[in-house]
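Listed below, chain by chain, are the residues.
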Amino acid sequence: MNGQIRYGAATDIGKVRELNEDSLVHEPPLFAVADGMGGHSAGDVASRMAVEALSRQVIDNSDALSAAVKQANREIHDRSKAESDLGGMGTTITALVATDGSAQIAHVGDSRAYLLRDGELERLTQDHTVVGRLVQQGRISEEDAEHHPQRSYLERALGVDADVDIDINVLDTRPGDRLMLCSDGLYTMISEDEIAQVLDAEDDPQQAAQRLCDMAVAAGGLDNVTAMVIDYPGERTPLRPTTGDQPRSKLPKRLLAVAITLALLLTALALARASLDRNYYVGARDGEVVIFKGIPGSFAGIDLSRPEEQTGVSTRTLPAPERSRLEEGIEADDLGDAHKIVANLKRVASPAASPSPSPGAVP
Ligand code: MG
């Protein structure tokens, strides 16, 4: 049956990011989209490791799929612990194995799988985000979620912990089913109505994937975007016309643009704020090693961090490579991790000059 499956895939860096941290694999029966997270270049390493780990395995049932995803999680986690510049990396994964008459889907994070069947688009995965959980619990609506400042805050990702919970979904497929996997760079830029229309209108899966990607970039391309379309053989039912009011499309375009810009600004502010409250790093200040809360650097002249703990370790006692790492700031998973980093620094500090400041220093 796999020979009859048609598929297409497209990915784009978008207009804002410096790197495409999305990775994808289409090696029937395996299809997967991974969206890397983490500072510097670690996100693309994590997402690539995830899809490579999957493609190494022979996967023909949901148990094998689940085991392969757990294996990918372990590999990413181990490497992030072993290599300091990859610390804290992680990735989403939404993987689909197309077997005869069914599709096994494994999912962690906020990439998504959709199904177009009987003229309707259905989402098959739940976002493992704070906001996704609130929607599931019925505490906020889908509409509110779309504009929620913390919508992309992941609660689950591959590589973050030694073990991971995976959502497994086994779908009995029907002839003419069209599945679509995507990263959040798609559905945050264009609506599900637009996605449904493209999936309905473009018969060729490659052209459908490409057009989805192009539309997300044209709509702003604020994130990397990846779309993959997988067609089961058979006749597809045309999209049902949407009935009822669509108040959002009645808003004047300019007003909508202003609203979106505002929402994005608020999102950025909220994310920055949340990020500051959750992150730690070890850096240097006035010649001393200091644990900071927040992230290194400043924005519009405002420091993005504040000192949390002084350590009494003089940077002069440290070898040059450590000093230059401190200049940039050494990221920590949490306060405990920051303490470990400081303990390691103490270990390499030169005892002659330690622990008090140099004699010439003014108290
Ligand atoms: Mg993304």
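The structure displayed is predicted, hence computed values, not measured ones. (Residues numbered from 1 in each chain as written. Predicted model: local features only at pLDDT ≥ 70, side-chain atom pairs only at ≥ 80, totals over all residues. Heavy atoms only, no water.)

Novice: So what about the sheet that holds strand 13 (residues 288-299)? Which residues, and what values?
Specialist: Read from one edge to the other, the open sheet built from four strands follows the order 14-13-12-15, with strand pairing classed as antiparallel. Both edges of this open sheet fall to strand 14 (302-314) and strand 15 (330-332), since each of them pairs with a single strand only. Across this sheet, the average inter-strand angle for adjacent strands is 40 degrees, counted without regard to direction. Bridging between strand 12 (residues 280-285) and strand 13 involves six bridges; their strand directions are antiparallel. In the strand pairing of strand 13, Ala-284 is matched with Val-289. (Pairing = 2+ DSSP bridges. Helix = DSSP H or I, 4+ residues; strand = E, 2+ residues; numbered from the N terminus. Axes fitted to C-alpha atoms, helices over the stretch in contact; angles between N-to-C directions.)

Novice: How would you explain the packing of aromatic side chains if you had to name every residue and give the values?
Specialist: Using the criterion set out here, one finds two aromatic pairs in the structure. When the ring of Tyr-7 is compared with that of Phe-31, the centres are 5.2 Å apart and the planes differ by 65 degrees; the resulting orientation is edge-to-face. With a gap of 24 residues between them, Tyr-7 in strand 1 (residues 6-12) and Phe-31 in strand 3 (residues 30-37) connect regions that are remote in the sequence. Judged by relative accessible area, which is 0%, Phe-31 ranks as buried. When the centroid spacing of 5.0 Å and the interplanar angle of 10 degrees are considered together, the rings of Tyr-281 and Phe-292 count as stacked. Pair noted here: Tyr-281 is in strand 12 and Phe-292 is in strand 13, with a separation of eleven residues, a long-range link. Here Tyr-281 falls in the buried class, since its relative accessible area comes to 7%. Classification of Phe-292 as buried rests on a relative accessible area of 5%. Above the ring of Tyr-187, the side-chain terminus of Arg-112 is found at 3.4 Å from the ring centroid. (Phe/Tyr/Trp six-rings, centres within 6.5 Å; stacked < 30°, edge-to-face > 60°. Buried < 20%, exposed > 50% of the residue type's maximum accessible area, 1.4 Å probe, protein only. Lys NZ or Arg CZ within 6 Å of the ring centre and 35° of its normal.)

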